Structures are given as structure tokens and as C-alpha cells.
Amino acid sequence: MKWKKLAALMLGALLCIAALSGCGNDAAGNASGGKTLTIGDTTFNSSNEEPDINPHNAYAGWACIRYGVGETLVKYSDTMELQPWLATKWENTDPLTWKLILRDHVKFSSGRVMDAAAVKQCLEHLIANNKRAQQNLKIAAIEANGQELIIRTTEPKPALLNYLGDPYGCIIDVDAGFENGIVAGTGPYIATDLKTDDHLTLKKNENYWGGMPKLDKITIRTITDGNTLANALQSGEVQAAYGMAYESYPLFQNDQYNISQISTSRCFFGKMNFDPDSVCSDPAVRKAIAMGIDKENFVDKLLEGNGFPANGVFPAGSAFGGDKVTTETYDPEGAKKVLEQAGWVDTDGDGIREKDGKKLIVKWLTYPSRQELPLLAESAQSTLKNIGMAVDINNTADNNQVVKDPKKWDVYAMANVQAPTGDPEYWFTVFAVSNATKNQGKYHSAKLDALEQQLSQEFDPAKRAALAVQMQQTVLDDNAFVFCSFLKMSMISKKNIKNYTSHACDYYQVTADLDVE
């Protein structure tokens, strides 16, 4: 069937080309306003909690940093090591105190000078308005003196700098306001227009401290459908794309396009619902789900090999990687025995098990903007049916509202960058500890909470890694989550687009060096 899909995409591209004939831009993206570029993105939308580019709003900081509007005090190399950015150096003067020296000669796009007072104002506004940042940073007080910023925390925070590199840490001019979700950052581009779930318009920041940006105008277009995005890139309606469906890659594996690909910690995983009314409140059901998903087949056949099976929270290879833990493997016969021993049996012969008069139906919640998540749902539906589970899929862009109601889902499958700060603590504080901001399944483990308390105050990297391994094993032993696959992230562009590059942290898409030749 794949050839039919590719043929449909090619036909759509031809139709788009016909519709676009007469467009005034030349091959180098030059229009009357100078060099321009349009990027199609499947993920810039409210479903991904990116309704705008205000970094203090939910996860909108990802758009702020990706599209070159905002910058953070530190950034990450492709080996996820901290590097200077808006802060040139830092020092942990005692367990509760950090001193940072800010870069000179930086201005916000509003024209205001970026000094320690402006950064202090930004961080104070952040922790007042972003629950996740407030819990992560544990800031007690901030002092500003010229370009010197002193941050005091309520408890030791070894990972403070890692957290400040998170997209919510984009330094913005609070005085410039937040009208229509637009902010004034220090980056190479300035947002001029934004419509949620539709587009973002950027112009070059001619006063950018890092040098003159090469493009005059950039448009980010929200295109949530993978086929539409593929057609748009083929036709030239967009010249670059992020979030392309893997099944469309063969269309662009030729000398007309660039594909920048890198392995990341972005993971497809499912969180279990521990609500008493959920079938996943039964440990046997959770274990059977973990044993009943064929990760290898999903990666090989549905991800087209653009990933690798997940063993734990984090990819293998690091000091806290998933190769250091053990988890359930695909074992449908073993899963059947687990369910039978727990009293889940098919008494009426319809292929679906029951217990105490309740059918073993798993409500599987997911969303379409990550193109392969619906495919994961269908794969799980197929293999779990073989062990006597029915999977009822709800693939909806309204996922953020549905997940708030514990009666409407049992497994919530999502995509997430597991270590976007280069430190393992981030994932546990977002998803797994009792007070985690995205612990919608109400998972609770006293052991995990105690380990997190240790991790949060441990400065030694080796000991932090060892604690993270113990924490991974804890959630795996409870089958509180099922980790399916890590992804290779790719950005695809026309051959004449230069420096549109993937990074391990999945940030930094639009830079001053991005160019059209």
C-alpha cells in the first residue's frame, strides 16, 4: 500500500505546484521585502501546549526558542553539555547560591538593554506564572548588580543551570508585554504576527548581538497533517519542514533536498492511569500491557527504522541510560498468564477478557500532531487484542483537556524529549513523582519520591546518575509507564536552504545563520 500513498503525495504536490504558479519569489526566496523563508511545522499548535511564543505560558517556550525569538542563559551542545549563551560564566558559591555573569552589549528586540535587573524581572515573572518552573527552580531570591546576577535557592539545586536552559528560561523583556502571545526576546528574529494553530511571522532583528541574521522574513506555518506538509514541501509552498511523517521520507531522499537527522531522547511512551476506576489500576493489567506491545516491530515497520526500541526512560549510552535497567519484553504468552492469574478470563468467548463483570477495555488516548503516535496506537491495539484486551483509541487534538478527566483514559501515549536539559531529574519532576506537573495518572511511589529528594540535592554527577538509574527501575517495576521507542529527529529542506540543522535537545532551529541561497 505504500506505493499508493507515495503516488497520492506526488499527485498532491503537482496540484500544489499548479496552484502556486505565478508566485513572485525566486529560487533564493527573494521577494520585494528581501530574502524570505517559509517553514512548515506539524507541532506548533495548542495540542502541544504551544498556542503562542510566551515562554511563561505552558510549553510555549519551545516555540520561542526554536524560532529564534528567545534565548536562555545557557545552551546545550549536541552531547548535552552546558555552554555559555546569555550568561558567559557562572559559579556555585555555596549549596544555595549561584552567581552568573551576563553577556555585555545585548539588547531585547524592544530596545531595552539586557542587564541583571531585566533578567531578575523575567525570572520572577516566570516562577510566578509557570508552575513547572516554580517547582524546578526553587528560587528564594534574586539579586541584580549590573551584569552580575545572584540566585539563591530554598534548597540545594545542583541542576539549576540545566533547568535554566529549558525553553521556559528564555530571557524576555517583561515590560514589553505579552500581547497576543508575542514577546520581546534577545534572539535573531522578532515576532510581528501570530495566529494560534495557523502561523507565526518573523522579521530579522537588525540589532542582534550575535551578528546580522541572513533572512529578512520567516513564516512558520502550522501544518498538522503529514501528507499536507509533504505536498507543501514538494510544491515549494514551504521550503523547510519539521515533524514530517517518516513514511514520506523517500520522497525527499534525493539531491533536491537536505535531511538533517540526529538521535535524540524524544520518546514515544504511555503513562498509566492509577485512578481506581481505571483498568490500569490493576498491576497485572499494567504488566500485561508492557509485555503485550511489540516495540521492535513498531520501530522497524512503522517508524521505518527511524528510531530504536526503548528500554527505560532514557536512551542507552549515558551514565543514566536505559541499558542499565531491566523491563518487560514482548511476551504475549507470558502476558496471557499474568492476566489469567489475576482473574482476567474470557468467559463469553468474544476474545476479550473480563473480571468481576468488567470487560478488559483499555481507553488509549493520543494525539495526531506527532505523526506516528496514531500508528503506535494501532500497533498496540493489534498486539494487545491477541492477549485478550480491547483497545479503544481516542486520537484527538483535544488531548490536553481529555487527560484532565481520569474517567476518560487508561493509557495516555505521548511524545516527549526525556532529557532536554542534559540532566535526568527533569523527567521525574515533570511526569513521575507525586507532585509532578504532568502526573495526570496520579502515580504515587514513596520510594521514588524519596529518591527524588536525594537526587534534587546531590551535586556529584556519578551519584546523580546512580540515583537516576534506581528511579528508572522503580517506575519500571511498577509498570507505571511503558517506554516504546526513541526517535531520530529530522528536519528536511530544499537544497538551497543552508544551516537548517537538527540538534539533540530539539531546540535552536532558527538561527542567525539560517539562509536561502
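Not measured: the values here are computed from a predicted model.

Draft legend 1. Main features of the UniProt feature "domain: Solute-binding protein family" (unreviewed entry) in the protein. Sequence positions flagged by UniProt for "domain: Solute-binding protein family" (unreviewed entry) are, in local numbering, residues 81-433. Taken as a whole, residues 81-433 contains 25% helix and 27% strand, while its terminal C-alpha atoms sit 25 Å from one another.

Draft legend 2. Highlighting the state of the cysteines. Tallying each qualifying case throughout the model produces 0 disulfides. C170 carries a free sulfur, and the closest cysteine sulfur to it, the one in C64, is 4.0 Å from it. Free cysteine C505: the closest other cysteine sulfur is in C170, separated by 11 Å. You can call C505 buried: its relative accessible area is 0%.

Draft legend 3. Geometry of the environment of S493. Mapped onto the elements of the fold, S493 is located in strand β20 (residues 481-494). For the pair S493 and V238, spaced 255 residues apart in sequence, the C-alpha to C-alpha distance is 8.7 Å. With residues up to four places along the chain from it excluded, the contact list for S493 reads Q239, A240, Q256, Y257, N258 and Y500.

Draft legend 4. Representation of the pattern of salt bridges within the structure. Scanning all chains against the criterion turns up 26 salt bridges. Close ionic contact of D166 with R132 constitutes a salt bridge, the shortest N to O distance being 3.3 Å. Taken as a pair, D166 in the loop between α5 (160-164) and β9 (189-195) and R132 in helix α4 (residues 131-137) lie far apart in primary sequence, 34 residues in all. Among the residues examined, D166 registers a relative accessible area of 0% and is labelled buried. Note on R132: relative accessible area 5%, which makes it buried. Linking K407 and D275 is a salt bridge whose minimum nitrogen-to-oxygen distance equals 3.0 Å.

Draft legend 5. Structural detail: empty space enclosed by the protein. Counted by the stated rule, this structure contains 5 cavities of 30 Å³ or more. In this structure, the largest cavity occupies an estimated 340 Å³ of space. Taken together, 22 residues line the largest cavity, and the ones lying closest to its centre are N48, Y367, M414, A415 and N416. Those elements giving two or more residues to the lining of the largest cavity turn out to be α2 (61-66), α11 (399-402), β19 (411-417) and α12 (425-432). Counting residues per element, the lining of the largest cavity draws most heavily on β19, which supplies 5 residues. Broken down by class, the residue content of the lining of the largest cavity amounts to 9 nonpolar, 7 polar and 6 charged. The volume enclosed by the second largest cavity comes to roughly 100 Å³. Forming the boundary of the second largest cavity are 14 residues, of which G243, M244, R370, E372 and M489 lie nearest the centre. Here the lining of the second largest cavity gets 4 residues from one element, more than from any other, and that element is β20. Partitioning the lining of the second largest cavity into residue classes produces 6 nonpolar, 5 polar and 3 charged.

Draft legend 6. Quick look at the nonpolar core. If you look at the biggest cluster of nonpolar residues, it comprises 159 residues, and the most contacted ones within it are I53, L137, I289, W364, M389, W427 and F481. With 9 residues, the single largest contributor to this core is β20.

Draft legend 7. Expanded view of the pairing of strand β6 (residues 97-102). As paired elements, strand β5 (residues 87-94) and β6 share 6 bridges and run antiparallel to each other. Residue D94 lies in a different strand from β6, and its bridge partner there is T97. Connecting the antiparallel pair β5 and β6 is a turn made up of 2 residues. Across 5 bridges, the pairing between β6 and strand β8 (residues 148-153) is antiparallel. Bridge pairing in β8 links K99 to I150.

Draft legend 8. Region of the structure containing the sheet that holds β8. One open sheet accounts for 4 strands, arranged β5-β6-β8-β7; its pairing is antiparallel. For this open sheet the edge positions go to β5 and β7 (139-145), each flanked by a neighbour on one side alone. When strand polarity is set aside, the average angle formed by the axes of neighbouring strands in this sheet is 20°. Pairing of β7 with β8 involves 6 bridges; the strand directions are antiparallel. Within β8, the residue paired with N145 across the bridge is E148. Against the sheet, helix α3 (residues 116-129) engages β6, β7 and β8, with an angle of about 160° to β7.

Rules used in this analysis
- Residues numbered from 1 in each chain as written.
- Predicted model: local features only at pLDDT ≥ 70, side-chain atom pairs only at ≥ 80, totals over all residues.
- Heavy atoms only, no water.
- UniProt positions renumbered as here; feature names shortened; annotations may be inferred.
- Helix = DSSP H or I, 4+ residues; strand = E, 2+ residues; numbered from the N terminus.
- Disulfide = S-S within 2.5 Å.
- Buried < 20%, exposed > 50% of the residue type's maximum accessible area, 1.4 Å probe, protein only.
- Contact = heavy atoms within 4.5 Å.
- Salt bridge = Lys/Arg side-chain N within 4 Å of Asp/Glu carboxyl O.
- 1 Å grid on protein atoms, 1.4 Å probe; cavity = no way out; pocket = protein on both sides within 12 Å on 5 of 7 lines; lining within 4 Å.
- Points joined across faces, edges and corners; volume = space filled by probe spheres on them.
- Nonpolar A, V, L, I, M, F, W, Y, C, P; charged D, E, K, R; others polar.
- Core = buried A, V, L, I, M, F, W, Y, C linked by side-chain atoms within 4.5 Å.
- Pairing = 2+ DSSP bridges.
- Axes fitted to C-alpha atoms, helices over the stretch in contact; angles between N-to-C directions.

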